[in-house]
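# Commentary on secondary and tertiary structure
Each chain is listed here by its residues.
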Amino acid sequence: MALATSHTTFGDLARDELAIEVTCPNCGHRRTIDGNAPGLRNRRIAGARFRCDQCGSVGLPSIGKQRRWTGRLAEHARKLR
Ligand SMILES: [Zn+2]
């Protein structure tokens, strides 16, 4: 998915339940960036770089739907009751 112009900061992504997954081109390690994290929320996506936890190479970010974060889902379920 391409970067949408309406998403300027990581917080904008998190609000739309999108997450950034970073794949390392060197070792293949993947991790998901939490856009709600303090310090990331107001950070611009453009120009951001993510270093691999394992080998220190610069990873390649891609944007997708949040899946693993059950906290939000649980919150949503509570509201439905
Ligand atoms: Zn790596």
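Our subject in this report is the structure included herewith. (Residues numbered from 1 in each chain as written. Predicted model: local features only at pLDDT ≥ 70, side-chain atom pairs only at ≥ 80, totals over all residues. Heavy atoms only, no water.)

## Focus on the coordination of the zinc ion
In this structure, Cys24 (SG), Cys27 (SG), Cys52 (SG) and Cys55 (SG) serve as the protein donors to the zinc ion, at separations of 2.3 Å. When the donor residues of the zinc ion are listed from N- to C-terminus, their spacing reads C-x2-C-x24-C-x2-C. Here Cys24, found in the loop between strand E1 (18-23) and strand E2 (30-33), pairs with Cys55, found in the loop between E2 and strand E3 (60-65); they are 31 residues apart in sequence, far enough to count as distant. Look at Cys55 and you get partly exposed, because its relative accessible area is 35%. (Donors = N, O, S within 2.8 Å, 3.2 Å for Na, K, Ca; no water. Helix = DSSP H or I, 4+ residues; strand = E, 2+ residues; numbered from the N terminus. Buried < 20%, exposed > 50% of the residue type's maximum accessible area, 1.4 Å probe, protein only.)

## A word on the sheet that holds E1
Strands pair in a sheet through their backbones, by hydrogen bonds, and they do so in one of two ways: parallel or antiparallel. If you trace the three strands from one edge of the open sheet to the other, you get E2-E1-E3, paired in antiparallel fashion. The open sheet has two edge strands with one neighbour each: E2 and E3. For this sheet the average axis-to-axis angle between neighbouring strands, irrespective of direction, equals 30 degrees. Bridge count for E1 against E3 is six bridges, and the pairing is antiparallel. Bridge pairing in E3 places Glu21 opposite Ser62. (Pairing = 2+ DSSP bridges. Axes fitted to C-alpha atoms, helices over the stretch in contact; angles between N-to-C directions.)

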